[in-house]
Every structure is written in C-alpha cells, then in structure tokens.
Amino acid sequence: MNTTPETTPGFLQKLKLGRQYAKTFPLEKCLMPIFPEHRVITVSRFAIRYMPAVAVFTLTWQIALGGQLGPAVATGLFACSLPLQGLWWLGKRSVTPLPSALLTWFYEIREKFNQAGIAITPVKGTPTYQALAELLKRAFKQLDSSFIDDI
C-alpha cells in the first residue's frame, strides 16, 4: 500500500498523482454518496477531452467577431485550466491521510480479506486515500459485493 510521502509533492507531481488516483479509484455507484471522487473524476475526464477544443473555439470566435484579445486569451486559459484543477484536487486528495471514520472502515475491509483467506500486503505508515482506493478496487474484484453492505 502507498503511504504519505516524506515531502510535499509539487504541482506537476500532484497532477501525476491525481491521474494515477483517477485510474485507481473504483467508479462504483454504491460509493457515490460517500466519496466526491466519482464526480470529480467524471468531470475531469470530460474536461480533459473537451476543454482544449472549447478554448480554441472561444479564442477564434472572439477574435473573428472583432473582440479584444485579452478577454479571449483569459477565457481560453480558464477553459484549459479546468482539467488541471480536477487533477490537482485528486492528487492532493490521494496523499491525504484517512480520517478516523474511514480508517476504521479501511481496517474492516482488510479484515474481510483476512477472513476470506486472501493475502494482502501490510500497511506501512498512515493509510492515505490512494491506499483506500487500491484496497477498494481490489475488494470489488476479489470479494463478493456484500462486503460493502456489512460496512
């Protein structure tokens, strides 16, 4: 399991962590009321796909209609920054230590793995949201779906 890094990651490192966290976090409907990640990941994926085109369209449209260049560039930069904001939030969230309520839930899921006889790596340090995402992804693949009802 991943642990909290010793140093605070920089902006680009947070973007990489956010991309990894978005790939790891299970997008199950039963987790939607508990975690905001499902909505942030969905919006970030949408923004990564469509916002560069929106930025170019907005820029060319405002220039073609004789608009000022300053607001056109600002609008384009804002549209391009939306995917970065989502990935940055996900990266920051991935290295955040789990609160006490989720920490007990984390260890209860690990106990379910032990009861099922499935080997799992020991936790090093304080578990983070990335460690929880990896555990949940593995639980949805290897445990029956009733594990979410019991917790």
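Calculation criteria
Residues numbered from 1 in each chain as written. Predicted model: local features only at pLDDT ≥ 70, side-chain atom pairs only at ≥ 80, totals over all residues. Heavy atoms only, no water. Helix = DSSP H or I, 4+ residues; strand = E, 2+ residues; numbered from the N terminus. Rg over C-alpha atoms; globule rule 2.2 N^0.38 Å. Buried < 20%, exposed > 50% of the residue type's maximum accessible area, 1.4 Å probe, protein only. Contact = heavy atoms within 4.5 Å. Areas by Shrake-Rupley, 256 points an atom, 1.4 Å probe, with all protein chains shown as cover. Lys, Arg positive; Asp, Glu negative; His and termini not counted. Charge placed at Lys NZ, Arg CZ, Asp CG, Glu CD. Expected span 1.5 Å × (residues − 1). Bend = angle between axes of the 7 residues up to and from the residue. Phe/Tyr/Trp six-rings, centres within 6.5 Å; stacked < 30°, edge-to-face > 60°. Lys NZ or Arg CZ within 6 Å of the ring centre and 35° of its normal. Axes fitted to C-alpha atoms, helices over the stretch in contact; angles between N-to-C directions. Parallel < 35°, antiparallel > 145°, perpendicular 65-115°, else oblique. Left-handed = near helix turned anticlockwise from the far one by under 90°. Nonpolar A, V, L, I, M, F, W, Y, C, P; charged D, E, K, R; others polar. Core = buried A, V, L, I, M, F, W, Y, C linked by side-chain atoms within 4.5 Å.

Engineer: Please set out the overall build of the protein residue by residue, giving values where relevant.
Structural biologist: A count of helical and extended segments in the protein gives 6 helices and 0 strands. Ordered by position in the sequence, the α and β elements of the protein form the string α-α-α-α-α-α. In terms of overall size, the protein is more extended than a compact globule, its C-alpha atoms giving a radius of gyration of 20 Å where 151 residues would be expected to give roughly 15 Å. Per-residue burial for the protein yields a buried fraction of 34% across its 151 residues. Long-range pairs, those at least 24 residues apart, make up 75% of the contacts in the protein with a sequence separation of at least 6. When the accessible area of the protein is evaluated, it comes to approximately 9100 Å², of which 62% is carbon and sulfur surface. Computing the positive centroid from 16 side-chain charges and the negative centroid from 9, the protein places the two 13 Å apart.

Engineer: Run through helix 3 (residues 69-94), naming residues and quoting values.
Structural biologist: Counted at 1.5 Å a residue, the expected span for helix 3 with its 26 residues is 38 Å, and the 38 Å between its end C-alpha atoms agrees. Maximal helix bending in helix 3 amounts to about 30°, located at S81; proline P83 follows within four positions. The elements touched by buried residues of helix 3 are helix 1 (11-24), helix 2 (37-64) and helix 5 (129-142).

Engineer: Could you give me a rundown of the packing of aromatic side chains, with the residues and numbers involved?
Structural biologist: Applying the stated criterion across every chain yields a total of 6 aromatic pairs. Taken together, a centroid distance of 4.9 Å and an interplanar angle of 50° make the contact between F46 and Y50 tilted. Of the two residues, F46 and Y50 both sit in helix 2, 4 residues apart, roughly one turn of that helix. Following the ring pairs from residue to residue traces out a cluster consisting of Y21, F25, F35 and W105. We note R93 situated over the ring of Y129; from NZ or CZ to the ring centre the distance is 4.1 Å. It is R138 that lies over the ring of F113; its NZ or CZ is 5.3 Å from the centre.

Engineer: Any chance you could break down the packing of helix 1 against helix 5 for me, citing the residues and the numbers?
Structural biologist: Where helix 1 contacts helix 5, the two axes come as close as 9 Å, and the packing angle between them is 25°. By the angle class used here, helix 1 and helix 5 are roughly parallel. When you trace helix 1 past helix 5, the crossing you get is left-handed. Contact residues: Q20, Y21, K23 and T24 in helix 1; Y129, Q130, A133, E134 and K137 in helix 5. In terms of residue class, the contact of helix 1 with helix 5 is made up of 3 nonpolar, 3 polar and 3 charged.

Engineer: Can you explain the nonpolar core? Please cite residues and give values.
Structural biologist: In this structure, F35, W105 and L132 are the most contacted members of the largest nonpolar core, which totals 23 residues. The set of elements that each furnish at least two residues to this core consists of helix 1, helix 4 (100-116) and helix 5.

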